[in-house]
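Each chain, written out:
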Amino acid sequence: MSKIYSALIVPYDENGNIYEKGLREVVRYNIDHNKVDGLYVGGSTGENFLISTEEKKKIFDIAFDETENEVDLIAQVGSINLREAKELAKYVTEKGYNTVSAVTPYYYKFDFEEIKNYYFSIIEDLDTKMIIYAIPALTGVNLSLEEFEELYENPKIAGVKFTSGDFFLLERVREKFPNKIIYSGFDEMLLPAASLGVDGAIGSTFNLNALKARELMEAVEKGDLTEARKVQSQTNHLISDLIDNGLYNTIKLVLTNLGVDAKYCREPMKKPSQQQQEIAKNIAKKYFSDGVD
Ligand code: MN9
């Protein structure tokens, strides 16, 4: 059975500080309402690349405390400050997380030897699994099949969060490494990824809509392509509406409309305008009327 993970949304308050009460509510909503199998903590969706090491630790602490082993947790610790990545990996492992993930190092054009050293170094002293976070559109790093092979020679590297539309590569990776995990990373392309046999999916929109992602995965597992396409289309109407209105702000606004105090984004991301708030209210009504007062 494939697994559904929300890429955890993190509420920041008016001043851009982590809003703990709201974060706990988002975690609970994901477990109690969305019925996720797990949470991917500290990813792009958590605005992780905008915050300090201490704030990252605080988010890892709160997520761990609030879930109390009810669901799986993956801690994204990647940073081009390798020392920070190592410190965070050690921190979460000692806390009790058994899986870490790290984005491919970005900004500078690191060569593959440097990328490989980065991954091996983060986990060298730890007894923890590593999921590579591959998101070439944001990092510029395109790992080849041969490079995956070299990374996978390290038995602690357990798989990849594959956030790309390169389904040729996805199929090649699936076929060549049947025992390594693949989590699909683009919610709007869950159907093609699922049809190629991924082990699960990690997504920002699952904070709102994980139940549909589960329906889609189950339809694919049953071989019901007609149903799977129907669910992907329904889902993609929502995803288009969210993206058009500013993805993370709108996920937070819709959650707020559903009674989850998800607040704001961290600067330099903007606060939502009046118009964005109106649109988000309509999105909440249109797709989630059950949950709106
Ligand atoms: O974690 C998310 N990636 C980013 C995965 O936010 C960069 C996705 O869930 C996307 O937000 C989503 C919309 O494009 O598929």
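Residues numbered from 1 in each chain as written. Predicted model: local features only at pLDDT ≥ 70, side-chain atom pairs only at ≥ 80, totals over all residues. Heavy atoms only, no water.

All right, on to the side chain of lysine 263 then. By the secondary structure assignment, lysine 263 is in the loop between α11 (247-257) and α12 (274-288). Separated by 3.4 Å, the side chains of lysine 263 and aspartate 261 make a polar contact. Those residues in contact with lysine 263, other than ones at most four positions away along the chain, are Pro11, Tyr12, Asp13, Glu14, Tyr19, Lys252 and Thr256. (Helix = DSSP H or I, 4+ residues; strand = E, 2+ residues; numbered from the N terminus. Polar contact = N/O pair within 3.5 Å; in protein donor to acceptor, adjacent residues only side chain to side chain. Contact = heavy atoms within 4.5 Å.)

Within the structure, the ligand sits among 15 residues, and Lys161, Asp187, Glu188, Ser204 and Tyr248 are positioned closest to it. Contact distances for the ligand include 2.8 Å between an oxygen atom and a side-chain N or O atom of aspartate 187. Between an oxygen atom of the ligand and a side-chain N or O atom of glutamate 188, the distance comes to 2.5 Å. Summarising the interface, the protein chains cover 92% of the accessible area of the ligand, which totals 380 Å² for the free molecule. Among the secondary structure elements, those contributing two or more residues to the shell around the ligand are β8 (200-203) and α11. (Near = heavy atom within 4 Å. Areas by Shrake-Rupley, 256 points an atom, 1.4 Å probe, with all protein chains shown as cover.)

Here the focus is the nonpolar core. Among the nonpolar cores identified, the biggest contains 95 residues, and Val41, Val77, Tyr119, Ile132, Phe148, Val254 and Leu255 are the most heavily contacted of them. When residues of this core are assigned to their parent elements, the largest contribution, eight residues, is made by helix α9 (residues 206-222). Apart from the residues within four sequence positions on either side, isoleucine 132 is in contact with Ser101, Ala102, Thr104, Tyr119, Leu143, Phe148, Leu151, Tyr152, Ile157, Gly159, Val160 and Lys161. (Core = buried A, V, L, I, M, F, W, Y, C linked by side-chain atoms within 4.5 Å. Buried < 20%, exposed > 50% of the residue type's maximum accessible area, 1.4 Å probe, protein only.)

Burial runs high along strand β4 (residues 99-103): five of the five residues are buried. Of the two faces of β4, both are covered, the one formed by Thr99, Ser101 and Val103 as well as the one formed by Val100 and Ala102. Note that strand β3 (residues 72-76) and β4 share two bridges and pair parallel. Directly across from alanine 75, in β4, lies its bridge partner valine 100. Assessed by its sense of winding, the connection that carries the chain from β3 through helix α3 (residues 82-95) to β4 is right-handed. In this structure, β4 lies alongside strand β5 (residues 129-134), joined through five bridges in parallel fashion. Bridging across to β5, serine 101 finds its partner in isoleucine 131. Traced from β4 through helix α4 (residues 112-123) to β5, the parallel crossover comes out right-handed. (Pairing = 2+ DSSP bridges. Right-handed = clockwise from strand over helix to strand, strands pointing away.)

Our focus in this paragraph is the packing of aromatic side chains. In the structure shown here, the tally under the stated rule is eleven aromatic pairs. Each member of the aromatic cluster is reached from another via a ring pair, and the members are Phe60, Phe64 and Tyr97. In this arrangement the basic side chain of lysine 161 is found over the ring face of tyrosine 40, its NZ or CZ atom lying 5.3 Å from the centre. Positioned above the aromatic ring of tyrosine 264, the side-chain terminus of lysine 271 is 5.3 Å from the ring centre. (Phe/Tyr/Trp six-rings, centres within 6.5 Å; stacked < 30°, edge-to-face > 60°. Lys NZ or Arg CZ within 6 Å of the ring centre and 35° of its normal.)

Taken together, the eight strands give a closed barrel; going around it, the order is β1-β2-β3-β4-β5-β6-β7-β8, and neighbouring strands pair in parallel fashion. Strand-to-strand, the axes of this sheet are offset by a mean angle of 25 degrees, without reference to chain direction. Packed on one face of the sheet, α9 meets β1 (3-7) and β8 and runs near 160 degrees to β1. (Axes fitted to C-alpha atoms, helices over the stretch in contact; angles between N-to-C directions.)

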